[in-house]
Amino acid sequence: MSSSRARVGGHFDLTDHLGARVTPGTYRGRFMLVFFGFTHCGQICPAVLGRNSRALELLGPDADEIQPLYITVDPDRDSPEVLAAYLRDRHPRYTGLTGTTAEIEAAERAYHVFARRADELDDYRVPHTSFTFLMDPGGDYVSHYAETRTADELAGALAREIDRYRGGGVRTATAADGRS
Amino acid sequence: MISVTGDPAAGIDLDRVPALDDLQLGHLRHIENLVHQVPGDWSKMGGVDPGQELFDAYRYQLAYFAYTLGLAHYHWLPAAPSAVKPAFEKAVEKMLRRDVWGYWKETSRGARVLDPDIEELREPWTDPVVRENIMYSGHLYAMTALHAVLFDDDRYDRPGALTFEWNPVFQGLAPESHVYRRSSLGEAIYWQMVENGWLGVACEPNCIFIVCNQFPMLGFRFEDVRDGTARAEEATSAYAAAWERRGLYAGNGSYHPFLMVRQNQLVPPRGITNDAWVASVMNTWNRDLVRELFPRQVRGTLKTGPDGTISPYAPSVVPKVRAALDAGEPADLPQDTTEAVVDPTFGFVAAALSELGDERLRGLLAHADRFLNPTWDNGGLYYPRNDRSWDSEGNRIQVDAMTGNALLGYSRLNVPDGLWSLYQRPWTAEHFAEPHVSTQDGDFDLRRAYYHHDSRTLLLTARPRDGQRGDISLTIANAPSRPWTLRFDGVVVADSDNPDRVAVAGRTLCITTALDAETTLTLHWS
C-alpha cells in the first residue's frame, strides 16, 4: 500500500557558509526556516530574506528557537565564501548552505523546489520557487509561506506554530493562519 | 379533499422558475443510463483508441458527466440533489476502475513522439496520480471537490476514499493499493505544480498541457470552499504569472496546446479544438482574458449551413475563411470534405459557446439535431458515434463518443457563465439549510426543483418516465417548523393537519403518491 501524502522536506547533505558539512540532524531541536534562492537574485530573494529577517526580529526571544537556512539554487557561483559575505551584513541570523550540483538538486527535490537557469543575453537569472518552509524541531514539515506574506503575518504564523509545538495552545496574533 | 385552487404554483409564476426541457432531460437520462451500466460494461462509450489515450477516453466522458450533472443541479434543479447525486457518485466510482486509469502504467514509460530526445523508456508505475497524469488526476480532483460543494458532503475526503487497486487476475504478485483521499490528491497535484514552477503538471510524460491543468484549478477552488483556504487564488495567480513569462498563447491569439518540458519548447497552436476546450474551463478564473481572446480564436472557424445550422469548418479551410474576412469578401466557403474529422471539435466548440453565452450555440445544436443522428434509447438522448466525417452533401456528420455522450449534453445544460458561477458563487450554508429533495424513488424525472425563499415554497415538477404511471416518493429534508400545505397542480391534497400521503418525522417529510402525468407539487410553509 503506497503512502498518499505528499512529503515536503527531508534529507539534505550540504555545506554551510563556514565550510562545515550539515544535514537536517545538525539543526534537530530547533525549527528550521528554509528558503531557497541565490545571491545574485535581484528581487525575490532580497525581498523574502528581508521579510523573513524582520519576522524573526518581531518574534523576539522566540526567534532563538528557529534556525533560518538559505539554500542556494546556484551552487556554481554561491560558494561558502560567497554566501558568508552575502549574509554577514544583510541577514546575520541566516546560515547559507551550498553543495555540489547533485546535492543541491537532491535538496530541491526534497522540498519540491523549482529552479531553472535562464540565460537571456547577458542577464543571468534563476527563476525559482519563493516559498519559505517551516520544519519543526523533529525535522517534519509544518507549513510554507508565500512571498506575499508580510513580516507581521509571518511572525504571527511562526509564533503560533511555536506555541502549538510547545503545547501551549494558540497565541493571539495579528497574522493570518500559516497555510499559504 | 381540503380545497381547490386554480393556481398550479400557488401564486408563483412558473415561467420564471427554471425547468428542464425534454432534450435536457434526455441528456441527463442518457448519462444516468451509462453510469449505471454494470461494471465493465462500456457500451456506447467506446472510442477509436484501445488504450484510453485520446480525447474520447472514458475518463473524459465520466468527468464531463459529472460536470454536466453539477451544472444541471446548480442551474436547473437546485432543490433536488436527489436527482443527480446518485449518478454523480456512479461516475466517480467508475473513475476508480482500472479500466479507466490502468492505461497509465504504459503511458508512464514515456514516448518518443512527445519527447523526441528520449533514448529508452522509463520504468513504469501504476499509481495514476502520484506523478504526472494530470489528464486523469485533475479531473478526479475536480469531480470529487465539486461533489463536496454541490452536496455539502466530504465523503471523498475520508481516508482511503479514493483507492486505486492494481491486481491483474493472472499476475500473481502482491496486489498494489494506492490510497488517497480528496485532500491528499490535491496535495499531490499542488506540489507537482510547485516543482514545475507553476506551469502545471504533465499529462503524458514531458508534456504539460494547458487545458488539462485547468481542471485541478477547479479542484483547488472547490476544496478551498470546503476548507476555508485560499489555494486556488495562489495557484491561479502563480500559474498565470508563470505562463505570462512563458507565453500562454501565440501571436494569433491561440493557446499553445502544451509545453515539451525537456526541450523547453512550446507546441504550436492547433486551432479551435484546443482553444475552445481551454476557454470553456479557464473562463472560471480568468474570464477577462478568455473574453478577450475567444472572439479572435473562433473567428472564421464556424460555417453556417441550412436553416441556421452551424458547424466547425475543417481546419484546412479556416485560413482561407479568415483571409476572406480580412479582405471584406464573402466568407462562406465550402467544407474540405477530403479532410477526416477525428477530434471532439464539435463538442468542445459547443461547450465554449455555452459557457461564453454565444448565441451561435443554437446553430451548433441545430446542426447536431439535424445531421448527427440524435437517438433516444431507454429515455436517454445521445448522438451515436459516427466515424464518417461528411455526408454526400458535405455536411459534417462525424461524432465521437465524447461529443455524443457528454459534450453536447453539457452544452445544452450549461448557461452563460455556468461553470464560472459554480466556481465564483458556490452555494453557502444558507442554501444547504433550505428544504430540498434529499432522496427520491420511482420512475420519474424532475423538471423543476426550486425553493422559493421569499414565499417559503418548494416547487417540484415531476413527470413519469416513459409515460408509465407509477408510485413515487420524495423525501423532503430541512422542512421548516411551520404549518404546511401540499398542492398538486394547485389542488390542495394535504396539509399539516391532514397529512394524507405525507409521512412526517421531525423536519423530514416523505411524500408518496401515484404519478400518471406531469404534475407540479408545491409544498408551502406558512
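Residues numbered from 1 in each chain as written. Chains lettered and ligands numbered in written order. Predicted model: local features only at pLDDT ≥ 70, side-chain atom pairs only at ≥ 80, totals over all residues. Heavy atoms only, no water.

In the annotation of an unreviewed UniProt entry, the entry for chain B reads Linalool dehydratase/isomerase domain-containing protein, and the organism field reads Amycolatopsis endophytica.

The name given to chain A in an unreviewed UniProt entry is Protein SCO1/2, with the source organism recorded as Amycolatopsis endophytica. Under Sequence similarities (unreviewed entry), UniProt gives the following word-for-word description of chain A: "Belongs to the SCO1/2 family." (UniProt positions renumbered as here; feature names shortened; annotations may be inferred.)

Colleague: Even after reading the chapter, I still don't get the overall build of chain B, so can you show me in this structure?
Modeller: Across its full length, chain B holds 17 helices and 19 strands. Taken over C-alpha atoms, the radius of gyration comes to 24 Å for chain B, in line with the 24 Å a tight globule of 526 residues would show. Viewed in the frame of its principal axes, chain B has a C-alpha envelope of about 80 × 60 × 45 Å. Taking all 526 residues of chain B together, the buried fraction comes to 60%. For chain B, contacts bridging at least 24 residues in sequence account for 70% of all contacts bridging at least 6. Summed over its atoms, the accessible surface of chain B is roughly 20500 Å², and 48% of this surface lies on carbon and sulfur atoms. Measuring between centres, the 50 positive side-chain charges of chain B sit 1 Å from its 70 negative side-chain charges. (Helix = DSSP H or I, 4+ residues; strand = E, 2+ residues; numbered from the N terminus. Rg over C-alpha atoms; globule rule 2.2 N^0.38 Å. Buried < 20%, exposed > 50% of the residue type's maximum accessible area, 1.4 Å probe, protein only. Contact = heavy atoms within 4.5 Å. Areas by Shrake-Rupley, 256 points an atom, 1.4 Å probe, with all protein chains shown as cover. Lys, Arg positive; Asp, Glu negative; His and termini not counted. Charge placed at Lys NZ, Arg CZ, Asp CG, Glu CD.)

Colleague: Looking at this structure, I do not really get helix 8 (residues 215–227) of chain B. What am I missing?
Modeller: What sets the pattern is the α-helix's 3.6 residues per turn: residues three or four places apart point alike. All names here are of chain B. Over its 13 residues, helix 8 runs 18 Å from end to end, which matches the ideal 18 Å to within 8%, given 1.5 Å per residue. By the burial criterion, the buried members of helix 8 are F215, P216, M217, L218, G219, F220, F222, E223 and D224. As for helix 8, its buried residues are in contact with helix 2 (58–76), helix 6 (134–151), helix 7 (182–195), helix 9 (231–246), helix 10 (272–282) and helix 16 (418–424). Immediately beyond the C-terminal end of helix 8, within one or two residues, lies G228, with a positive phi of roughly 75 degrees. (Expected span 1.5 Å × (residues − 1).)

Colleague: In this structure, what is going on with the environment of R322 of chain B? I would like to understand it.
Modeller: Counting through the fold element by element, R322 of chain B comes out in helix 12 (residues 318–326). Each C-alpha atom, one on R322 of chain B and one on N196 of chain B, is 37 Å from the other, the two residues being 126 residues apart in sequence.

Colleague: When you look at the pairing of strand 18 (residues 508–515) of chain B in this model, what are you seeing that I'm missing?
Modeller: Sheet faces and side chains relate simply in a regular strand, where the side chains alternate between the two faces. Residues and elements named next belong to chain B. Of the two faces of strand 18, only the one carrying L509, I511, T513 and L515 is buried; T508, C510, T512 and A514 on the other face are not. With seven bridges connecting them, strand 14 (residues 470–477) and strand 18 associate as antiparallel partners. The residue bridging I472 from the neighbouring strand is T513, located in strand 18. Two elements, strand 17 (residues 502–505) and strand 18, share four bridges in a ladder whose sense is antiparallel. Residue A503 lies in a different strand from strand 18, and its bridge partner there is C510. As consecutive antiparallel partners, strand 17 and strand 18 are separated by two residues, and within that stretch G506 has a phi angle of approximately 60 degrees, a positive value. (Pairing = 2+ DSSP bridges.)

Colleague: Whenever I open this one, the UniProt feature "binding site: Cu cation" (unreviewed entry) in chain A confuses me. Can you help?
Modeller: Residues and elements named next belong to chain A. The feature "binding site: Cu cation" (unreviewed entry), as given by UniProt, occupies C41, C45 and H128 in the numbering adopted here. Spanning 88 residues, the named residues form one tight spatial group whose C-alpha atoms are at most 9.9 Å apart. Along the chain, the position of C41 falls in the loop between strand 3 (31–37) and helix 1 (44–59). Sequence-distant contacts of C41, defined by excluding residues within four places in its chain, comprise P46 and H128.

Colleague: Looking at this structure, I do not really get the packing of helix 10 of chain B against helix 13 (residues 345–355) of chain B. What am I missing?
Modeller: In a packed pair of helices, the relevant descriptors are the angle between the two axes and the axis-to-axis distance. Residues and elements named next belong to chain B. Interaxial distance between helix 10 and helix 13 falls to 8 Å at its minimum, and their mutual angle equals 35 degrees. The handedness of the crossing between helix 10 and helix 13 comes out as left-handed. On the side of helix 10, the interface is formed by I272, T273, A276, W277 and S280, while helix 13 contributes T345, F348, V349, A351, A352 and E355. Its residues assigned to classes, the contact of helix 10 with helix 13 comprises seven nonpolar, three polar and one charged. (Axes fitted to C-alpha atoms, helices over the stretch in contact; angles between N-to-C directions. Left-handed = near helix turned anticlockwise from the far one by under 90°. Nonpolar A, V, L, I, M, F, W, Y, C, P; charged D, E, K, R; others polar.)

Colleague: What's the story with the confidence of the model for chain B in this structure? I'm lost.
Modeller: Low-pLDDT stretches of the model should not have their predicted coordinates read in fine detail. Model confidence for chain B is summarised by a mean pLDDT of 95, while 98% of its residues fall at 70 or above. The complex model carries a pTM of 0.93, and its ipTM stands at 0.83. (pLDDT = per-residue confidence, 0-100.)

Colleague: Could you clarify how one ought to interpret the sheet that holds strand 6 (residues 265–266) of chain B in this entry?
Modeller: What holds strands together in a sheet is hydrogen bonding between their backbones, with the strands either parallel or antiparallel. Residues and elements named next belong to chain B. Pairing within the open sheet is antiparallel, and its three strands lie in the order 4-5-6. The open sheet is flanked by strand 4 (207–209) and strand 6, the only strands paired with a single partner. Sheet topology places strand 4 next to strand 5 (residues 258–260); three bridges connect them, and they run antiparallel. In the strand pairing of strand 5, F209 is matched with F258.

Colleague: Before we go on, may I ask you to explain the packing of aromatic side chains in this structure?
Modeller: The description of an aromatic ring pair uses the distance of the two centres, along with the angle that the planes make with each other. Scanning the model with the defined rule gives 38 aromatic pairs over all chains in all. Ring centres 6.0 Å apart and planes at 50 degrees place the aromatic pair W101 of chain B and W166 of chain B in the tilted group. Separated by 65 residues along the polypeptide, W101 of chain B in helix 4 (residues 98–101) and W166 of chain B in strand 2 (residues 162–166) bring together distant segments of the chain. Each of the two residues, W101 of chain B as well as W166 of chain B, counts as buried. Counting every residue linked through ring pairs, the aromatic cluster contains F36, Y111, F131, F133 and Y141 of chain A together with Y141, Y190, W191, W198 and F220 of chain B. The ring of W125 of chain B is capped by R131 of chain B, whose NZ or CZ atom sits 4.1 Å from the centre of that ring. The ring of W420 of chain B carries R287 of chain B above its face, with NZ or CZ at 4.0 Å from the centroid. (Phe/Tyr/Trp six-rings, centres within 6.5 Å; stacked < 30°, edge-to-face > 60°. Lys NZ or Arg CZ within 6 Å of the ring centre and 35° of its normal.)

Colleague: Can you walk me through the sheet that holds strand 3 of chain A in this structure?
Modeller: All names here are of chain A. Spatial ordering of the open sheet is given by 2-1-5-4-3-8-9, a layout of seven strands whose pairing is mixed. Only two strands of the sheet have a single neighbouring strand rather than two, namely strand 2 (21–22) and strand 9 (141–145). In the sheet, strand 1 (residues 14–16) pairs with strand 5 (residues 95–98) via two bridges, with the strands oriented antiparallel. Among the inter-strand pairings, T15 is bridged to a residue of strand 5, identified as T98. Relative to strand 3, helix 1 is tilted by about 165 degrees, and along the sheet it contacts strand 3, strand 4 (66–72), strand 8 (132–135) and strand 9.

Colleague: Please clarify how the interface of chain B and chain A should be interpreted in this entry.
Modeller: Think of interface size as the accessible area that goes away when the parts come together; that is how it is often given. The interface is formed by 22 residues belonging to chain B together with 18 residues belonging to chain A. Summing the contributions of chain B and of chain A, the shared interface buries around 1700 Å²; its carbon and sulfur component is 54%. Contact with chain A buries area across many residues of chain B, yet V179, W191 and E195 of chain B alone supply 33% of it, more than any other trio. Linking chain B with chain A are zero salt bridges, by the criterion used here. (Buried area = accessible area lost by both parts, 1.4 Å probe. Salt bridge = Lys/Arg side-chain N within 4 Å of Asp/Glu carboxyl O.)

Colleague: For this particular structure, what's the right way to read the pairing of strand 14 of chain B?
Modeller: Residue and element names in this part refer to chain B. Burial analysis of strand 14 places six of its eight residues in the buried class, which makes it a mostly covered element. Pairing of strand 11 (residues 436–441) with strand 14 involves five bridges; the strand directions are antiparallel. Each bridged residue has a counterpart across the sheet, and for D441 the counterpart in strand 14 is S473.

Colleague: Where do I start with the UniProt feature "domain: Linalool dehydratase/isomerase" (unreviewed entry) in chain B in this structure?
Modeller: The UniProt feature table records "domain: Linalool dehydratase/isomerase" (unreviewed entry) at residues 59–388 of chain B. The span residues 59–388 of chain B is 46% helical and 9% strand by assignment, and the distance between its end C-alpha atoms comes to 24 Å.

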